[in-house]
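Breakdown of the fold
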Amino acid sequence: MTYRIKRIIAGLLAGCAVCSGSVFNVNAQTLFSKQADENYKLIQEILDLYVSTSLYETDKETLINQMLYNFIAKNPDLVPELANSALKANDPYSAYHMSSSGFLSSSTKSYGIVIRDSNDFEDDDPRKAVEGLYITDVLNNSNAKFAGMLPGDRIVSLDGINVEGLTLQGLKYLLAFFPLADKNPEDSKVFKEFSEYAADTSSEKYSEYTKLFWDPKKEVTFGLERVLEDGTKTVVEINVPKGYSDNKGIYLYTDKQNSVATIELVSFESENIYEKFLQAFEEAKESGCKKLIIDLRDNPGGYLDAAKKLGSLFTNGVKPMFYVRSRDSEEPIAHMSEGNYIGDAFDEYVVLINSNTASAAELFAHIIREGTGAAIIGETSYGKALGQVAYNVSNGDMFTITTFEILDGNKFAYNGIGIVPDIEVPLVPEKYEFPTGLSFFNHENYVTIQNGITNDATLALEQRFGILGILRDSAIDGLCDESTQAAILAYKYAGMSDYAPNSCIDDEMVTNMTLIINTYKDKYIYSDSQMEVAKLYLKNHSRGKRLAKECRNALAAYEKAQAEREAQNRAILEQEQKEYESSIQNASNAG
């Protein structure tokens, strides 16, 4: 799969039963609102009565302030909740943020590596010849960079467990709960180096790794196959725990066969987003691609300045990129391009957006369309065109207040409306093609699965791991080896919420897997129809538009069929209820 599917109707291993709680939630919400109204009226009644009858004359405002002060004095832990109640009274985007929340942080806790499957590389990439999972990027200020991991390293093991047969998803499951047991800090050579550098704040290395966090008890030993300068290969072991590192922010994909590059922007909150974008842009040009897709789907936005700076790359400065309206100015203030135009570097552009594209991301989409004539493809964006300013408070916490509204380059206010795509394309649900001819896996034959033995039961288990996206096709061979055992560990953690798993199969696992696999027989997945339309549109506009129409029709047909199925199920339930009530009544009459 060359592009990650962003949404799945039934998430992988998300469980095999969905409880319908909508009625309960609605009723609970209604009851909550009624109780809140009654409590509010009660407090107002008490305050009014006190002001009008108390011996100690006061006014209502003074009384409320004193009440608030006394409440805070007795309940200091509720200050953030009270502040949020005030800030959100008229504005859903204003909020109080505790210092521990990581608000406005451009770092994330991870190992600090970007991993890709060899299947996703271009055919002329030498890594394509050796199947596996490769480190393609080592993030700045990360544990991985400090420890010496390098782009190009192929991951072969984790804590001595061979993972060459796992998919990227399977590897992520393992990394989510590794190590299986805490390590002895005294055995960590890297932690000793970390401790020495952290103590010397004047060192150059300290300035590069100021965010570094290292827990030697949680180190995971990565076995990495590395190609040396002379072309020979060696396996190195590097111990790394999770730590804080810069967000990647941007990903580049190239499709040289169709001469299309894709730059995916995850958010506008990553440090040096401008420099990262320019680097990806240059790499896309150097790849020989002539057309560019800028993917802003699921991008929640971030800093307005980042959107302005990036937008300036695609506008010639003749007309405003956007306007900003605030209470301090009578007329919206125009924001012009800052220059450095590079919009003519590619023959054509497409911008992808969806309903989760918000804030600075949807503004950027609008600027590119106006500046380059790019077609916006996908779904109407979220519609957040309000900007917040963050303020520090004395205890180290922060709060945000909405202080301005963004208008597009035509002075159109799109807050609450969103950016409407030129070509509407939904993600289309497609029936999962459940494989036929699966070997049997049940409570009788699973006991024959033993390490080093090849048999049908092992093949059946591995086939199911393949369906679930944990095991690579090449590892589905019927031999119970290290890859099979690694897949069992990953499955137990992700599918059974077993946070201390072992590689043994038991009756519970057989039952759980059977239930989950059965859901795949009626499973629908969302194909990345938006990307498909974008690429086809860049090749042929009219064919791309036709495919977009087919996608809309397919979604409408699916939704109609779903509605009919739901109506049929309701009718069956209603009929069963009537028959049940009738049988009760008949039994009562007979008595």
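Structural data are supplied above this passage.
The structure reproduced in this document is the subject of the present report. (Residues numbered from 1 in each chain as written. Predicted model: local features only at pLDDT ≥ 70, side-chain atom pairs only at ≥ 80, totals over all residues. Heavy atoms only, no water.)

The secondary structure content of the protein chain amounts to 15 helices and 21 strands. In terms of principal-axis extent, the alpha carbons of the protein chain reach across some 90 × 90 × 65 Å. The buried share among the 591 residues of the protein chain stands at 42%. Restricting the contact set of the protein chain to residue pairs at least 6 apart, pairs at least 24 apart contribute 68%. For the protein chain, the accessible area works out to roughly 32,100 Å², and carbon and sulfur atoms hold 51% of it. Here the protein chain contributes 57 positively and 86 negatively charged side chains, and the mean placements of these two sets differ by 4 Å. (Helix = DSSP H or I, 4+ residues; strand = E, 2+ residues; numbered from the N terminus. Buried < 20%, exposed > 50% of the residue type's maximum accessible area, 1.4 Å probe, protein only. Contact = heavy atoms within 4.5 Å. Areas by Shrake-Rupley, 256 points an atom, 1.4 Å probe, with all protein chains shown as cover. Lys, Arg positive; Asp, Glu negative; His and termini not counted. Charge placed at Lys NZ, Arg CZ, Asp CG, Glu CD.)

Attention shifts here to the packing of helix H11 (residues 456–467) against helix H13 (residues 507–519). At a minimum axis distance of 11 Å, the contact between H11 and H13 shows a crossing angle of 45 degrees. By the angle class used here, H11 and H13 are oblique. When the axes of H11 and H13 are compared, the crossing they make is left-handed. Only Met509, Met513 and Ile517 of H13 make contact with H11, whose side of the interface consists of Leu461, Arg464, Phe465 and Ile467. (Axes fitted to C-alpha atoms, helices over the stretch in contact; angles between N-to-C directions. Parallel < 35°, antiparallel > 145°, perpendicular 65-115°, else oblique. Left-handed = near helix turned anticlockwise from the far one by under 90°.)

Taken in spatial order, the six strands of this open sheet run E10-E11-E12-E15-E16-E19, and their pairing is mixed. Every other strand in the sheet has two partners, leaving strand E10 (250–255) and strand E19 (423–424) as the edge strands with one partner each. Taken together, the five bridges between strand E12 (residues 291–295) and strand E15 (residues 348–353) define a ladder with parallel strand orientation. When the bridges of E15 are listed, Asp295 appears paired with Leu352. Relative to E15, helix H10 (residues 360–372) is tilted by about 160 degrees, and along the sheet it contacts strand E11 (260–265), E12, E15 and strand E16 (375–378). (Pairing = 2+ DSSP bridges.)

Turning next to unusual backbone geometry. Glycine aside, residues mostly have negative phi angles, and peptide bonds mostly take the trans form. Omega for the peptide link from Phe178 to Pro179 comes to 0 degrees, which places this bond in the cis form. Even without a glycine there, the phi angle at Asp159 is positive, about 50 degrees. Relative to the elements of secondary structure, Asp159 occurs in the loop between strand E5 (154–158) and strand E6 (161–162). For Asp298, which is not a glycine, the phi torsion comes out positive at approximately 65 degrees. On the accessibility criterion, Asp298 (27% relative accessible area) is partly exposed.

We now examine the pairing of E5. Side-chain positions along a regular strand alternate between the two faces of the sheet. Counting buried positions along E5 yields five of five residues, so the element is predominantly enclosed. Examined bridge by bridge, E5 and strand E7 (residues 220–227) share four bridges and lie antiparallel to one another. Pairing of Leu158 across the sheet is with Phe222, part of E7. In this structure, E5 lies alongside E6, joined through two bridges in antiparallel fashion. Across the sheet, Ser157 pairs through a bridge with Asn162, a residue of E6. Counted between consecutive antiparallel strands, the loop separating E5 from E6 contains two residues, among which Asp159 sits at a positive phi close to 50 degrees.

Counted under the stated rule, the structure contains 24 aromatic pairs. A ring pair is formed by Phe281 and Phe346, whose centres lie 5.1 Å apart and whose planes are at 85 degrees; its orientation type is edge-to-face. Highlighted residues: Phe281 in helix H8 (residues 273–286) and Phe346 in the loop between strand E14 (333–335) and E15, separated in sequence by 65 residues. The residues Phe281 and Phe346 share a single accessibility class, namely buried. Here the aromatic residues Phe268, Phe277, Phe281, Phe314, Phe346, Tyr349 and Phe364 are joined through ring pairs into a cluster of three or more. In this structure, Lys309 packs its charged tip against the face of Tyr274, placed 4.6 Å from the ring centre. (Phe/Tyr/Trp six-rings, centres within 6.5 Å; stacked < 30°, edge-to-face > 60°. Lys NZ or Arg CZ within 6 Å of the ring centre and 35° of its normal.)

All right, on to the pattern of salt bridges then. Scanning the model with the defined rule gives 20 salt bridges in all. Between Asp125 and Arg127 there is a salt bridge whose closest N-O contact spans 2.8 Å. With a relative accessible area of 25%, Arg127 lands in the partly exposed category. Between Lys248 and Asp137 there is a salt bridge; the shortest N-O distance is 2.3 Å. One end of the pair, Lys248, is in the loop between strand E9 (243–246) and E10; the other, Asp137, is in strand E4 (residues 133–138), and 111 residues separate them in sequence. Through salt bridges with shared partners, a single ionic network connects Arg154, Glu164, Glu225 and Lys233. (Salt bridge = Lys/Arg side-chain N within 4 Å of Asp/Glu carboxyl O.)

So, about the nonpolar core. The nonpolar side chains of a soluble globular protein tend to be buried, and buried together. By size, the foremost hydrophobic cluster in this structure holds 61 residues, and its most contacted members are Met149, Leu158, Leu174, Phe222 and Phe465. At eight residues, the largest contribution of residues to this core is made by helix H12 (residues 482–496). For Phe222, the contacting residues outside a window of four places in its chain are Tyr111, Ile113, Met149, Ile155, Ser157, Leu158, Leu175, Val236, Glu237, Ile238 and Val240. Counting 43 residues, the second largest nonpolar core, distinct from the first, contains Ala306, Leu310, Ile342 and Ile353. (Core = buried A, V, L, I, M, F, W, Y, C linked by side-chain atoms within 4.5 Å.)

With respect to the helices, strands and loops of the structure, Thr400 is situated in strand E18 (residues 398–408). Take Thr400: its relative accessible area is 6%, and that puts it in the buried class. A distance of 3.5 Å separates the side chain of Thr400 from the backbone oxygen of Tyr93, its partner in a polar contact. (Polar contact = N/O pair within 3.5 Å; in protein donor to acceptor, adjacent residues only side chain to side chain.)

This next bit is on helix H3 (residues 79–87). Along H3, the positions that sit buried rather than exposed are Pro80, Ala83 and Leu87. Buried residues of H3 fall within an arc of 65 degrees about the axis and therefore sit on the same side. Exposed positions of H3 whose direction lies more than 90 degrees from the buried face are Glu81 and Ala86. Looking at the buried side of H3, the elements it contacts are strand E1 (95–97) and E18. (Arc of directions from axis to C-beta.)

Turning our attention to the state of the cysteines. All told, the structure shown has zero disulfides when counted by the stated rule. Left without a disulfide partner, Cys504 is nearest to the cysteine sulfur of Cys480, which lies 9.9 Å away. (Disulfide = S-S within 2.5 Å.)

For the rest of this paragraph, the subject is the side chain of Ser337. Within the secondary structure, Ser337 sits in the loop between E14 and E15. Given a relative accessible area of 18%, Ser337 falls into the buried group. A distance of 3.3 Å separates polar atoms of two side chains, one belonging to Ser337 and the other to Thr315. Setting aside residues no more than four positions away along its own chain, Ser337 makes contact with Ser312, Thr315, Gly317 and Met321.

In short, the description is geometric, and any link to function would need to be established separately.
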